[in-house]
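Summary of structural features
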Amino acid sequence: MPEAHPDSAQIIQDNRDYTLFSWSVQQATNPIHMVGGKGSHFFDGDGNAWLDFSSQLININVGHQHPKVLQAIKDQVDQMCFAGPSFATDVRAKLGKKLAEVTGLAKSFFTLGGSEANENAMKMARLYTGRDKIITRYRSYHGATMGSMTASGDPRRWPVEPGVPGIVRVFDPYMYRPPMGGSAEDWADGCITHIEEVIQMEGPHTIAAMLVEGITGSNGIIIPPDDYYPRLRALLDKYGILLIDDEVMSGFGRTGKWLATQHYGIKPDIVTCAKGLTSGYMPLGAVIVSDKIAEFFEDHMLWGGLTYSGHPVSLAAAIANLQVYEDENIFEHVNELGEHLGKRLEAMKRKYACVGDVRYIGLFSVLELVKDKKTKEPLAPFNGSSPEMAKLAAHLKSKHVYAFLRFNWAFVCPPLVITKEELDAGLDAYEEGLALVDEMMGK
Ligand code: PLP
């Protein structure tokens, strides 16, 4: 157990006085003072160990302070801390090769995170096709820079609108709540035919790419029907539109495979990734492109670059992190534990009146909470909260389970190295919270 930090209160105060916190009204911020971590837990300044059921921002896949990733970072710092983006380095060669192997694509362009990866992917698609528009989906998140924020389909884009031009949105395969009150059966077909209609209306010759999250993450773990991706791939091919697969959250083992779209047997033209690429140990994103796009840039200018593209320490962290996935059979562990998680979530859905739907794949899952299972009225409104959601949050906090709750969703996305015992302990705390919510609703 960690010890309490003597200056914790002052450190929190200085953080609030001298720094700005993201996605926050500053006076409402109440940060935890984090002092360390190990595996599935992190430690706070009061000496508490928290079970990290959100893997920080769904990124610390190999858990806190994995010794092999730490060592690789230290070794790289000693050998060479920085090389400009026009230099060849051994780590750049190694990681480029590895990413080509695991994605089946050709070449990587390195960024510092997911937003920049999506910016560059959209730019490359425009350069390659000579077309301007990008189709994205409602209920998606692609980042917080101007283009990727505009491309997003959730409320986080509203403050920058109209943002960058050329973004066209379609509905997503949200089978629990099909649009326009239709049935899930009809929407299983409509979720693709509707995209074709939009393509026709926009003019196929004007559309460079469609950008989708492999599996939508922070907008409610939206898992598509099995034939969604094969049909989408065929549709986009028909019109010469590129498929950009944003695997920033769903990639690198979160769903039990390198990429979430690998569950569906399709190959995107471009993959963007970050988060689980280094498990967050160093900032890194990548845009990984197909042979044909790589070939295009053999004799066309790649208009873009970043001072820190290919930062050696970030690349070394990624190489070690990917090696940990393989050496420790982490994806198998995710698949096994994911099955157990799925069973427990299904049982919660049967047991608690407030659980309307559960969606899960690997260790990527959510409980969708409702006031009434029949009407599906959300427990909190879209883009809002409610006393019931606040009650659940307060309960989890009191148990030192660090959870990601948003609108009427309670996510379960722990580090991929979590043990069954730890997972069960966290889920038990969720169950206690759900019982409190049912009680509050008089059910
Ligand atoms: N794409 C997806 C699917 C994400 O979940 C995120 C971040 O949560 C991003 C892009 C943006 O990545 P970053 O915060 O590293 O810029």
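Residues numbered from 1 in each chain as written. Predicted model: local features only at pLDDT ≥ 70, side-chain atom pairs only at ≥ 80, totals over all residues.

- As recorded in an unreviewed UniProt entry, the protein goes by Taurine--pyruvate aminotransferase and comes from Deinococcus xinjiangensis.
- Looking at the Sequence similarities (unreviewed entry) heading of the UniProt record, one finds this comment for the protein: "Belongs to the class-III pyridoxal-phosphate-dependent aminotransferase family." (UniProt positions renumbered as here; feature names shortened; annotations may be inferred.)

A word on the domain arrangement of the protein
- Under the domain assignment, the protein is made up of domain 1 (8-62 + 330-440) and domain 2 (67-327).
- Centre-to-centre separation of domain 1 and domain 2, based on C-alpha positions: 25 Å.
- Each partner contributes residues to the interface: domain 1 has 25 residues there, and domain 2 has 25 residues.
- Counting residues per element, the ones that place at least two in the side of domain 1 that touches domain 2 are helix 2 (55-58), helix 11 (330-351), strand 11 (355-361) and strand 12 (364-369).
- Sorting elements by how many residues they give to the side of domain 1 that touches domain 2 places helix 11 first, with five residues.
- Of the residues contributing to the side of domain 1 that touches domain 2, the split by class is twelve nonpolar, eight polar and five charged. (Domains from an automatic or database assignment. Contact = placed C-beta atoms within 7 Å. Helix = DSSP H or I, 4+ residues; strand = E, 2+ residues; numbered from the N terminus. Nonpolar A, V, L, I, M, F, W, Y, C, P; charged D, E, K, R; others polar.)

Some points on the sheet that holds strand 15 (residues 409-412)
- Strands sit in the order 11-12-15-14 across an open sheet of four strands; the sheet is antiparallel. Both outer strands of the open sheet, strand 11 and strand 14 (405-406), are each paired with one neighbouring strand and no more. (Pairing = 2+ DSSP bridges.)

Section: the pairing of strand 12
- By the criterion of burial, strand 12 is predominantly enclosed, with six of the six residues buried.
- By the bridge criterion, six bridges tie strand 11 to strand 12 in an arrangement that is antiparallel. The residue of strand 12 that forms the bridge with Y360 is S365.
- From the end of strand 11 to the start of strand 12, which pair antiparallel, there are two residues, and G362 there has a positive phi angle of about 60°.
- Here strand 12 runs beside strand 15; their pairing, made up of four bridges, is antiparallel. Residue pairing for strand 15: E368 is matched across the bridge by W409. (Buried ≥ 20, exposed ≤ 12 C-beta atoms within 10 Å, placed from the backbone.)

Notes on the site of the ligand
- Neighbouring the ligand are 15 residues, the closest being G113, G114, S115, V248 and M249.
- Here the shell around the ligand takes three residues from helix 5 (residues 114-129), the largest share from any one element.
- Classifying every residue of the shell around the ligand gives five nonpolar, eight polar and two charged. (Near = placed C-beta within 6 Å.)

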